[in-house]
Amino acid sequence: MNYTAFKHCGLNVALEVLSGKWKPIILFHLFHQQEIRFTDLWRNIPKVAKKVLLEHLKQMEADGLIIREERQVFPPEVYYRISEKGKALGPALAALESWANEHAAAQVQELKDKKRVANG
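All values reported here derive from a predicted model rather than from experimental measurement.

## Some thoughts on the overall build of the protein chain
Item 1. Looking only at helices and strands, the protein chain features 8 helices and 3 strands.
Item 2. Ordering the α and β elements of the protein chain from the N terminus gives α-α-α-β-α-α-β-β-α-α-α.
Item 3. Considered along the principal axes of its C-alpha atoms, the protein chain spans approximately 50 × 45 × 25 Å.
Item 4. Taken across its 120 residues, the protein chain has 25% of its residues classed as buried.
Item 5. Across the protein chain, the fraction of contacts at a sequence separation of at least 24, relative to all contacts at a separation of at least 6, is 45%.
Item 6. Distance between charge centroids for the protein chain: 5 Å, based on 18 positive and 14 negative side chains.

## As for the packing of aromatic side chains
Item 1. Tallied over the full model, the rule gives 0 aromatic pairs.
Item 2. Residue placement shows K50 over the ring face of W42; its charged tip is 4.5 Å from the ring centre.
Item 3. Positioned over the ring face of Y79 is R71, at 3.8 Å from the centre of the ring.

## Section: the pattern of salt bridges
Item 1. By the definition in use, this model includes 9 salt bridges.
Item 2. Between R81 and E69 there is a salt bridge whose closest N-O contact spans 3.1 Å. Highlighted residues: R81 in strand β3 (residues 77–82) and E69 in strand β2 (residues 66–71), separated in sequence by 12 residues.
Item 3. On the basis of relative accessible area, R81 is assigned to the partly exposed category, the value being 30%.
Item 4. Taking the shortest distance from any N to any O, the salt bridge between E84 and K87 comes out at 3.3 Å. Here the residue E84 and the residue K87 both occupy positions in helix α6 (residues 84–87), the gap between them amounting to 3 residues, near one helical turn.

Each value, and the rule that gives it
- For every chain, the first residue of the written sequence is number 1, and numbering continues from 1 along that sequence.
- Two thresholds apply to this predicted model, a pLDDT of at least 70 for residue-level local features and 80 or more for giving and counting side-chain atom pairs, whereas whole-chain, interface and lining totals are computed over all residues.
- Note that water and hydrogens are dropped before the side-chain values are worked out from all heavy atoms of the structure.
- For helices the rule is a DSSP run of H or I covering at least 4 residues; for strands it is a run of E covering at least 2, with both sets numbered from the N terminus onward.
- Here's how the labels work: a residue is buried when its accessible area is under 20% of the maximum for its type, exposed when over 50%, partly exposed in between, all with a 1.4 Å probe on protein chains only.
- Contact between two residues is taken to exist if any of their heavy atoms lie within 4.5 Å; hydrogens are not considered.
- A residue counts as positive if it is Lys or Arg and as negative if it is Asp or Glu; His and the chain ends are not included.
- Think of each charge as sitting on NZ of Lys, CZ of Arg, CG of Asp or CD of Glu.
- Stacked, edge-to-face and tilted labels apply to pairs of Phe, Tyr and Trp rings (six-membered ring for Trp) whose centres lie within 6.5 Å, assigned for plane angles under 30 degrees, over 60, and everything in between, in that order.
- By definition, being over a ring means that NZ of Lys or CZ of Arg is both within 6 Å of the ring centre and within 35 degrees of the ring normal.
- The term salt bridge refers to a pairing of a side-chain nitrogen on Lys or Arg with a carboxyl oxygen on Asp or Glu at a separation within 4 Å.

Here it is in structure tokens:
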């Protein structure tokens, strides 16, 4: 397969939609909560800049993975939830996690150990 064919194949499109340092963790939070306010999502993801989080959320909304809802209260509140299209990613993401647990177990364990040391 040449580059042009790969560029237009489903795998490449899926990887582009999921690419970005923060998109997987955003999806994680949205899969585990019915909806979440922007500020709560930002607080739950340490080290992400608000600007970068907003950029990723806009991309994910444009790709149809999430739904943004602005509530007209004072001050205005913005909530995000996963769309049906985003929910359809669940089995694929679960399969990726299973693959990592089976075939990249050392890296998974290393990350768990680093977290444990960081948390004391």
